[in-house]
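One-letter residues, chain by chain:
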Amino acid sequence: MRPATLVGEVNSELRMGREEAKVGGMSFWDDFRKFAIRGNALDLAVGVVVGGAFGKIITSLVNDMVLPPIGLLMGKVDFSNLFLVLGTGSYSTLAEAKKAGAPVLCYGAFLSSVLDFLIVAFCIFLAVRWLERFRLLPSLMMGDAPMTRSEKLLEEIRDELRDKGSGR
């Protein structure tokens, strides 16, 4: 098939709109519905929603609980108001600098985001470590898990190859 013919067929299928272009005998919408209903997609959606809420909690923890005491120990520093003016002028607050339209480097907000990231990364590390222990726990309690049929066959093939290699 010539490339121009293929492009023409793709364009005509795209123009069908609601007629749904068939790919491998299935319509796009049927394929999408199967994907969306599959358990993994739903698990992913729940994970994204819970992760977003968790991110908000961590941001509040950092901005409202962690940074104020650190700022107090550093001489009453307000991290949300740490900035560097890149242009000319002198401003006492970040709000004044932004209102004047001055280009600013908000390194206090950046430090807050880095701290957010570190806390979230540490929590994910702990969760993965915890889940990994539970995944391994049954095999540790019952000894080695029974071999599957495929594993048995692979072991037999390995043994046969080993025997042929040693000249038996």
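Data block above holds the structure.
Just so we're clear, the structure is a prediction, and the values are computed from it rather than from any experiment.

J.: Would you take a moment to explain the environment of A95 for this structure?
T.: Tracing the chain through its elements places A95 in helix α4 (residues 94-99). Overall, A95 belongs to the exposed group, its relative accessible area being 56%. Spatially, the C-alpha atoms of A95 and N81 are 8.3 Å apart, while their sequence positions differ by 14 residues.

J.: Sorry, what's going on with the pattern of salt bridges here?
T.: Pairing between side chains of opposite charge can happen when the charged atoms of each approach one another. Tallied over the full model, the rule gives three salt bridges. Taking the shortest distance from any N to any O, the salt bridge between R158 and E155 comes out at 3.9 Å. One end of the pair, R158, and the other, E155, are both in helix α6 (residues 149-165), three residues apart, so they sit about a helical turn from each other. Ionic pairing is found between D159 and R162, a salt bridge with its closest N-O pair at 3.6 Å. Highlighted residues: D159 and R162, both in helix α6, separated by three residues, approximately one helical turn.

J.: Help me understand the side chain of D116, please; the structure alone is not making it clear to me.
T.: Note on placement: D116 falls in helix α5 (residues 107-141). Despite its burial, D116 remains without a salt bridge, the nearest opposite charge being carried by K56 at 12 Å. Apart from residues no more than four positions distant in its own chain, D116 is found in contact with I58, T59 and V62.

What counts, and where the lines are drawn
- Per-chain numbering applies: the sequence of each chain, read as written, is numbered from 1 onward.
- The predicted nature of this model means local features are confined to residues of pLDDT at least 70 and side-chain atom pairs, given and counted, to a pLDDT of 80 or more, with totals for whole chains, interfaces and linings taken over all residues.
- Only hydrogens and water are set aside when side-chain values are computed; all heavy atoms of the structure are taken into account.
- Here a strand is any run of E in DSSP of at least two residues, a helix any run of H or I of at least four, and the numbering for each starts at the N terminus.
- Exposure is judged per residue with a 1.4 Å probe applied to protein chains only, and the accessible area is read against the type maximum: over 50% gives exposed, under 20% gives buried, and values in between give partly exposed.
- Salt bridge criterion: a side-chain nitrogen from Lys or Arg within 4 Å of a carboxyl oxygen from Asp or Glu.
- Only four residue types enter the tally: Lys and Arg on the positive side, Asp and Glu on the negative side, with His and both chain ends excluded.
- When checking whether two residues touch, look at their non-hydrogen atoms; a contact exists if any pair is within 4.5 Å.

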